[in-house]
Amino acid sequence: MRAPLLLSLVLCCAALPKASFAQPAAPAEVVPPKLLDEVKPAYPEGATGDASVVLEIVVGADGSVESVDVVEGTEPFASRATQAARSARFEPARRAGQPTAAKIRLLVSFHAPPPASADPPTAPPLDTRPVPTSPAPPPPAPARVAKPADVEEVVVTGRRDEPRTPTEHRLGRSEMRLLPGAFGDPFRAIDVLPGVVPIVSGLPYYYIRGAPPSAVGYFIDEVRVPYLFHFGLGPGVIQPALVEEVALHPAAYPGRYGRFSGGIVAGTTRDPPKELYGEGQIRLFDAGAYVEAPLANGRATVGVGGRYSYTAGLVSLFAPDVTIDYRDYNARFSWALDDRWRLSALAIGSFDYASQVEEGIEEVYFASEFHRLDLRADRRGSDGATTRIATTFGIDRTRLEDARFAQNLVAGVRGRHRWPVSREVEVELGADVFAERYSGDIPNRYSVSRRAYEEALELFGARVDTATGAWASATYKPRPGWDLTGTLRGDVFTSDGAAAVGPSPRASMRVPVTSKVAFLGALGVAPQPPAFAIPIPAIGYRRLPGGLSFAYQKSAGAELRLPWRFTLKTVGFHHSYFDLRAFARNRNDIEIEIVPTAGEPSSPTQAYGLEVFLMRKLSERYSAFASGTLSRAVLGSTRTEPAGVSPFDRTWVAQVGGVVDLGRNWRASARYLSYGGWPSDEPGVGRLPPFHRLDLRLEKRWIWGEHRFMGLVLEGLNVTANEEVLATTCIEGRCRHEEFGPVVAPSIGVEGAL
Amino acid sequence: MSRSTKRVAALFGALLSIPACVPASEAPPPAGAAGARLEPSAAARGEPFESDGWRVTVEKLVVRVRINAFGVRSNGYGWDTYIADVMRPAEIFAPGLRVGPARVQVELATRKFFREQGTWDAEWDDAVVLPGVAPDDLRWLTDPVFVTPSSFEAASSASVLVVLRGERGASRVTVRAALEVDSRTDSPVGSCAGDEDEEAGWPPGGDEDVRRPPPPEEDDPVVDVRANDVVYAPFEVRPEEVFRCEVGFGELAAADTNGDGVVDNDELLAAPARSYASLRQMLDVRFGVLLRPVKP
């Protein structure tokens, strides 16, 4: 019989890296998280002696544990403490009475059981005594592991610079990594969310509420990323270690985001670490790593990372004439000037290349690269105000078939200021200006056909496009849980003499109806300049052909807090799109025409549906999620055009999955995805058959030290190798399915962290 | 600069050099264009000429032409389509030919309706409109001049708009015609000896692939294509040749059945003609001689 255990868990609150530019002198307004449930981790079997583990926990605004990192401690205690912390439940931290996410440190003490005791092992609850609240922002002193009796200040990490909207969906770092089929890519993980409808299984481009991929903007720290994945299907160009969370805003986006009609996917980088931190992955086709370390006594940090593929060497083994290559880099530098100001720089870039040698001449099929450098100055005031002034420089280059080369130089500035007017009202004002100078190879008028010449002029002709925007946003939170936000934004676009104005008013609300039910609503107008169905760096439409696209977004729903810490969010939506540019579908081919005529706007689209998202935090020991979308996208729905179903319309998407902590740092997850087929081109055939897919992920980690671990990840997308039907061909009354695939993506990877 | 700063700078530099650069375009093979310079004859410029005792003056002559060029050694092919007022000189060219000799053809080209696709030929509809062509003439060229009576299964638009004014004594007649002429510059169609040539079959159009270029002929003028340049072969526009043989202006004037002094397309279609269903069709054939290369 095992001896009783004596465990002591002490809630400690630690300063975080952000604290290094925080100000301790302000009056305290932050109430730290309060532990609600008693947690009793068992003393590990086979272990001996006393031990202490310090955990860094992010407690979400809803009180759930978003992530748990081991700051200090050894195995097997670290794992046991982590498991216990994941199941903990808190009353969320509050700033000025409003719930907000917070990062705290928790010390878990294990004491070896007395050998003579016959009582079952028990653990005392976490110490929930009140702790001093932090001023905002927190002090700059570097955090150290708290002693059991120490209580350090709370750092509220609710991404205060990243406003939340009531109808958004947000995935945290730990959740993104655990989703099977996402391969750890934060931006690929959004396909678990409702309203996100894949074009083809495995292809990370989505229709969101009926809007095509060209209408969805992807941002990292407010910097627009030209493309997110190598060759469209490959790994992401942003290192997962750099991303803290990803938010999907399907409607009424925060004011700082605009110029896209279909939705915004906004990634946020993690806070600069206070200690050396790094992660890496080695996979079959590539290897990547990101390392970041503090400098200058913690006032500065520098991080570098990237991915390098060895596909060129691998492919050359069996196809020596073919070259497929990709690589990317991410780098970040930050410097705290004083307690309020921080300067930082973020650099990201990517390169893709595919060619084949034919008759001794290397024919470049596709080559593309982009580079972005974002320089910012951030100020955090004593009253909670935040200011950012930033400038972005970039260069894009693309080489297409037929030796077409194009280049785009990007320069922009932006600024925003957000401050609390009162305890209930927060206001943000901002503006940004971006200029893009396009150039490319223009052939001699006499040496190519007229059509080729005109296309080259249209797509590669030298010009400067500008986009200028300004916004004002106010958020009113009269009581806890309430959120009433109104935004006015306007953008002016110019391109080679053409100009257009895009007004973008937005409103959203979250109104608690009961203690566990809240009403959600969003209204918005979202303009967008013409864009290719899939973004191609350095190539864009000239002179705003067809004018701006517009989306009129309306959605309403409810958020319910369910037992066992499940959250259910259900939203009904009706979006109207005018003059969007989408793919063309020609039987089993998906056409992306890169010709000027493709800039002609498509028919109006009405998209409506119902989204349901049920989830328990994936960082829990046992967690599950389910999402469903019932929707319909109708084209040409005006009085003068006949209505028809969009060729990419899927009436339903459903998925269910779960994550299980198997113990001993084994973690397994699975996801089952199913969606309805497109409408068939053939009359009388109806809809194509639905598609089903099963993704699996198994992870084993070996943890030592504070953040250090080594992990082996086995992951597979579509492990049952299901084929997808993309078209039906009928000849003389006999119809046959045109199947695609199976697209199966197995992955064996080794990842580790310092 | 401290040692650590230098290290950081070196590290950044090394990382930034990891991504290779997208290669610039290679220089394409030298290519150029073969052109045709359309020179109006005196009659085409509006000077009167005689036909059947009538003093005929060209008041409008707008054509839709297609230029085809064939590389003699390279087997290359270039083409383009133009709409031009040929009462003034016009230059047209076919781009995208390898450097070297190339044969040049110019043909009057109608716009065809594709029965299978149910659409008009978009490429030919995308003709270059040269300066001097009035918007009304463009609309006139776009309208179908031939439609099968039963349905819209076959149709084509005009390739020649012509307005001729004839005077004989006190008689004055104006002929306004939109003609459906598909011709090769050196085709026998429309020559004095070839009126019954089978190429002038009825109805025109049909299932033929109008985008298929005619084969090059030995008689086609040859130009020496230069890189990034255009070299023109001279062609003459000769409306007076239309009336040189069996058809005279008197027949056209006689088609003015309502006596209003204007002969329009409907009256030309209603008027019978030798070997043809109508006078309009006869003109369709005769106008095949409008363009001719200038022999050196």
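As the structure is a prediction and not an experimental result, all values here were calculated from the model. (Residues numbered from 1 in each chain as written. Chains lettered and ligands numbered in written order. Predicted model: local features only at pLDDT ≥ 70, side-chain atom pairs only at ≥ 80, totals over all residues. Heavy atoms only, no water.)

Caption draft 1: Molecular detail of the overall build of chain B. Helix and strand content of chain B: six helices and 18 strands. Burial analysis of chain B (296 residues in total) assigns 51% to the buried set. (Helix = DSSP H or I, 4+ residues; strand = E, 2+ residues; numbered from the N terminus. Buried < 20%, exposed > 50% of the residue type's maximum accessible area, 1.4 Å probe, protein only.)

Caption draft 2: Geometry of the overall build of chain A. Looking only at helices and strands, one finds four helices and 45 strands in chain A. Sequence-distant contacts, at least 24 apart, represent 67% of the contacts inside chain A between residues at least 6 apart. Taken as a whole, chain A presents about 28,300 Å² of accessible surface, with 60% of it coming from carbon and sulfur. (Contact = heavy atoms within 4.5 Å. Areas by Shrake-Rupley, 256 points an atom, 1.4 Å probe, with all protein chains shown as cover.)

Caption draft 3: Quick peek at the interface of chain A and chain B. The interface is formed by 32 residues belonging to chain A together with 29 residues belonging to chain B. Roughly 2,400 Å² is buried in total at the junction of chain A and chain B, and carbon and sulfur atoms are behind 64% of that figure. Here chain A is connected to chain B by one salt bridge. Between the two partners, chain A and chain B, sit three residue pairs in polar contact (both at pLDDT 80 or more). Listed by contribution, the elements that provide at least two residues to the side of chain A that touches chain B are β21 (300-309), β22 (322-336), β23 (341-358), β24 (361-380), β25 (386-400), β26 (404-420) and α4 (450-460) of chain A. (Buried area = accessible area lost by both parts, 1.4 Å probe. Salt bridge = Lys/Arg side-chain N within 4 Å of Asp/Glu carboxyl O. Polar contact = N/O pair within 3.5 Å; in protein donor to acceptor, adjacent residues only side chain to side chain.)

Caption draft 4: Layout of the nonpolar core. The biggest cluster of nonpolar side chains holds 64 residues, and the ones touching the most others in it are B:Leu61 and B:Phe287. For this core, the element with the most residues is strand β3 (residues 54-71) of chain B, which contributes eight residues. In this structure B:Phe287 touches B:Leu61, B:Leu108, B:Val160, B:Val162, B:Leu179, B:Val181 and B:Val242, once residues within four positions along its chain are discounted. With 37 residues, the next largest nonpolar core counts A:Val196, A:Ile208, A:Ile238 and A:Met615 among its residues. (Core = buried A, V, L, I, M, F, W, Y, C linked by side-chain atoms within 4.5 Å.)

Caption draft 5: Looking closely at unusual backbone geometry. Residue and element names in this part refer to chain A. Unlike most non-glycine residues, Ala252 shows phi in positive territory, near 45°. With respect to the helices, strands and loops of the structure, Ala252 is situated in the loop between β17 (243-249) and β18 (263-269). Owing to a relative accessible area of 3%, Ala252 belongs among the buried residues under this scheme.

Caption draft 6: Representation of the pairing of β22(A) within the structure. Residues and elements named next belong to chain A. Relative to β22, β21 is paired through nine bridges, and the arrangement is antiparallel. Paired with Arg307 across the bridge in β22 is Asp328. Bridge count for β22 against β23 is 15 bridges, and the pairing is antiparallel. Directly across from Asn330, in β23, lies its bridge partner Ile348. In this structure, the hairpin formed by β22 and β23 is closed by a connection of four residues. (Pairing = 2+ DSSP bridges.)

Caption draft 7: Looking closely at the pattern of salt bridges. All names here are of chain A. Inspection of the entire model under this criterion finds 58 salt bridges over all chains. Among the salt bridges present, the one from Asp465 reaches Arg463, with a minimum N-O distance of 3.1 Å. What makes Arg463 buried here is its relative accessible area of 5%. Between Glu559 and Arg510 there is a salt bridge; the shortest N-O distance is 2.5 Å. Placement of Glu559 in strand β32 (residues 549-561) and of Arg510 in strand β30 (residues 498-512) is noted, with a sequence separation of 49 residues between them. Owing to a relative accessible area of 16%, Glu559 belongs among the buried residues under this scheme. Shared partners join several salt bridges into a network, and the residues in it are Asp221, Glu222, Arg256, Asp374, Arg376, Asp378, Arg388, Arg414, Arg416, Arg418, Glu426 and Glu428.

Caption draft 8: Structural view of the confidence of the model for chain A. Residue and element names in this part refer to chain A. Mean pLDDT for chain A: 79, with 82% of residues reaching 70 or above. Confidence, expressed as mean pLDDT per element, reaches its minimum in chain A at strand β1 (residues 6-12) with 29 and its maximum at strand β29 (residues 483-495) with 96. Every residue in residues 1-29 is under pLDDT 50, and counting partners more than four places away or in other chains gives 149 contacts. Across residues 116-160 the pLDDT falls below 50, and counting only partners more than four positions away or on other chains, this stretch makes 158 contacts in the model. (pLDDT = per-residue confidence, 0-100.)

Caption draft 9: A look at the packing of aromatic side chains. Using the criterion set out here, one finds 14 aromatic pairs over all chains in the structure. An aromatic cluster is defined as three or more aromatic residues linked by ring pairs; in this entry it consists of B:Phe49, B:Trp54, B:Phe243 and B:Phe249. The aromatic ring of A:Tyr277 is capped on one face by A:Arg270, whose charged end is 4.1 Å from the ring centroid. One Lys or Arg, B:Arg66, reaches over the ring of B:Trp79 and ends 4.3 Å from the middle of that ring. (Phe/Tyr/Trp six-rings, centres within 6.5 Å; stacked < 30°, edge-to-face > 60°. Lys NZ or Arg CZ within 6 Å of the ring centre and 35° of its normal.)

Caption draft 10: Local environment of the confidence of the model for chain B. Residue and element names in this part refer to chain B. For chain B, per-residue confidence averages 79 on the pLDDT scale, and 73% of positions sit at 70 or higher. In this model residues 186-191 is a low-confidence stretch, pLDDT under 50, and it forms 20 contacts with partners more than four residues away in sequence or in other chains. Across residues 193-213 the pLDDT falls below 50, and counting only partners more than four positions away or on other chains, this stretch makes 35 contacts in the model. Per the prediction output, this complex has pTM 0.72; the corresponding ipTM is 0.80.

Caption draft 11: Representation of a negative patch on the surface in the model. Judged by side-chain charge, A:Asp321, A:Glu358, A:Glu359 and A:Glu401 come together as a negatively charged surface patch. Within the secondary structure, A:Glu401 is located in the loop between β25 and β26. (Patch = residues over 30% accessible without salt bridge, like charges linked within 9 Å, V, L, I, M, F, W, Y side chains within 5 Å. Lys, Arg positive; Asp, Glu negative; His and termini not counted. Charge placed at Lys NZ, Arg CZ, Asp CG, Glu CD.)

Caption draft 12: Representation of the sheet that holds β18(A). Residues and elements named next belong to chain A. The five strands are arranged β12-β17-β18-β15-β16 in an open sheet whose pairing can be described as mixed. At either margin of the open sheet sits one strand with a lone partner, and together these are β12 (169-172) and β16 (223-224). Sheet topology note: the β12/β17 ladder contains four bridges and is antiparallel. Within the sheet, the bridge partner assigned to Arg170 lies in β17 and is Ala247.

Caption draft 13: Summary view of the pairing of β3(B). Residues and elements named next belong to chain B. Across the 18 residues that make up β3, a large majority, 15, are buried. Strand direction decides the pairing type here: strand β2 (residues 49-51) and β3, joined by three bridges, are antiparallel. Each bridged residue has a counterpart across the sheet, and for Glu50 the counterpart in β3 is Arg55. What sits between β2 and β3 in their antiparallel hairpin is a turn of two residues, with Asp52 showing a positive phi close to 55°. Direction of pairing for β3 relative to strand β4 (residues 77-85): antiparallel, over a ladder of nine bridges.

Caption draft 14: Here's a closer look at the environment of A:Pro443. All names here are of chain A. Mapping Pro443 onto the fold places it in the loop between β27 (425-440) and α4. For the pair Pro443 and Arg256, spaced 187 residues apart in the sequence, the C-alpha separation amounts to 40 Å. Setting aside residues no more than four positions away along its own chain, Pro443 makes contact with Val448, Tyr453 and Ala456.

Caption draft 15: Representation of the sheet that holds strand β18 (residues 291-293) of chain B within the structure. Residues and elements named next belong to chain B. Taken in spatial order, the four strands make up an open sheet running β5-β1-β16-β18, and their pairing is mixed. Every interior strand has two partners, whereas the edge strands, β5 (90-98) and β18, have only one. The sheet shows a mean angle of 30° between the axes of neighbouring strands, taken without regard to direction. Bridge analysis of strand β16 (residues 230-237) against β18 gives three bridges, and the strand direction is antiparallel. For Phe235, the partnering residue across the bridge sits in β18 and is Pro293. (Axes fitted to C-alpha atoms, helices over the stretch in contact; angles between N-to-C directions.)

Caption draft 16: Quick look at helix α3 (residues 135-142) of chain B. Residues and elements named next belong to chain B. Here α3 has its buried residues at Asp137, Trp140 and Leu141. What you see down the axis of α3 is that its buried residues fit within an arc of 100°, all on one side. Facing away from the buried surface of α3 by more than 90 degrees, the exposed residues are Pro135 and Asp136. (Arc of directions from axis to C-beta.)

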